[in-house]
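What the coordinates show
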Amino acid sequence: MMSLGRRVAAEALGSSALAAIVIGSGVMAEQLAGGNAAVALLANTMATAGGLYALIVAFASISGAHFNPLVTVTCVLRRELSLRDALLYVLTQIGGMLGAVVLVHAMFGLPFWLPSTKPRAGAAQALSEAVATFMLMLAIHATRRRSAESVAAAIASTIAAGYWFTASTSFANPAITLARALSDTFAGIRIADVPLFWLGQIAGTAVALVCLPWLFAEGPGATPESADIPQRGR
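Rules used in this analysis
Residues numbered from 1 in each chain as written. Predicted model: local features only at pLDDT ≥ 70, side-chain atom pairs only at ≥ 80, totals over all residues. Heavy atoms only, no water. Core = buried A, V, L, I, M, F, W, Y, C linked by side-chain atoms within 4.5 Å. Buried < 20%, exposed > 50% of the residue type's maximum accessible area, 1.4 Å probe, protein only. Helix = DSSP H or I, 4+ residues; strand = E, 2+ residues; numbered from the N terminus. Contact = heavy atoms within 4.5 Å. Polar contact = N/O pair within 3.5 Å; in protein donor to acceptor, adjacent residues only side chain to side chain. Patch = residues over 30% accessible without salt bridge, like charges linked within 9 Å, V, L, I, M, F, W, Y side chains within 5 Å. Areas by Shrake-Rupley, 256 points an atom, 1.4 Å probe, with all protein chains shown as cover. Salt bridge = Lys/Arg side-chain N within 4 Å of Asp/Glu carboxyl O. Disulfide = S-S within 2.5 Å.

1. Observations regarding the nonpolar core
Inside soluble globular proteins, nonpolar side chains tend to come together where they are buried. Counting residues in hydrophobic clusters, the biggest one holds 42 residues, and the most contacted among them are L18, I56, F67, M97, M137 and I155. Where this core is concerned, the elements lending two or more residues are α1 (4-32), α2 (37-59), α3 (69-77), α4 (83-107), α5 (123-143), α6 (148-165), α7 (174-181) and α8 (194-215). Top element by residues in this core is α1. It accounts for 8 residues. Apart from residues lying up to four places away in sequence, M97 is in contact with S15, S16, L18, A19, F67, N173, A175, I176 and A179.

Right under this line is the structure:
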């Protein structure tokens, strides 16, 4: 196993890069789409999926490429990660993504402090986040014993699909939800709506933790195809 310092550094860099890709591509897409929201969302989707795939492949062998507090928590519950290491992972993920907001704003000449005013409220949004997060966990569970490239492809494809089949555009990550609340851009979310998204994300994770280990026959009777690959996600 890699040293804790290298794993935390990988989570910091990967989380920061992911948030920069999501938010920065949203800014660029909105600027170039000429008011066409569908074109802007498509561009945002493609950049996010491509960037997520590359980051997972790059950092999977170091930290597991979590980039998501909920993924880290599931690793703790599966006894794949200690509570101390998990706390450092989560703090690093949040810090890296918040730092990325400042970086993106600097690159596009926006104010560093620019909280989002974009409303994403209502039960439908919370349900969408629950579904999106469950689908993310499904992609992870279904491919976790395969190569990093297979895991990356499954997760990136799931997130890309979620941008279009969920009303919330598939945040599925508490850390990036908070980061996007601090950017009043295409990818933003009002700070007041963040707790609702978190609730949906936690609910989706809880359902996944109950259903997926049984569905994929994990436990003493399981027959792994290969050595376990640490969990990871957006």
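2. Details of the environment of N44
Along the chain, the position of N44 falls in helix α2. Taking the C-alpha atoms as reference, N44 lies 22 Å from A12; in sequence the two are 32 residues apart.

3. A word on the environment of T92
Relative to the elements of secondary structure, T92 occurs in helix α4. A relative accessible area of 14% means that T92 is categorised as buried. Of the polar contacts made by the side chain of T92, one reaches the backbone oxygen of L88; its length is 2.7 Å.

4. Some points on a nonpolar patch on the surface
A cluster of nonpolar side chains, contributed by L42, M46 and W164, occupies part of the molecular surface with about 340 Å² of accessible area. Owing to a relative accessible area of 57%, M46 belongs among the exposed residues under this scheme.

5. Quick look at the state of the cysteines
Put plainly, a disulfide is one covalent bond tying together the sulfur atoms of two cysteines. With the rule as written, the count across this model stands at 0 disulfides. In this model C75 remains outside any disulfide bridge; the closest cysteine sulfur is found in C211, 19 Å from its own. Its relative accessible area of 2% is what places C75 among the buried residues.

6. A few points about the environment of V57
With respect to the helices and strands, the residue V57 is situated in helix α2. Owing to a relative accessible area of 30%, V57 belongs among the partly exposed residues under this scheme. For the pair V57 and S150, spaced 93 residues apart in the sequence, the C-alpha separation amounts to 9.2 Å. Residues contacting V57, with those up to four places away along its chain left out, are A148, E149 and A152.

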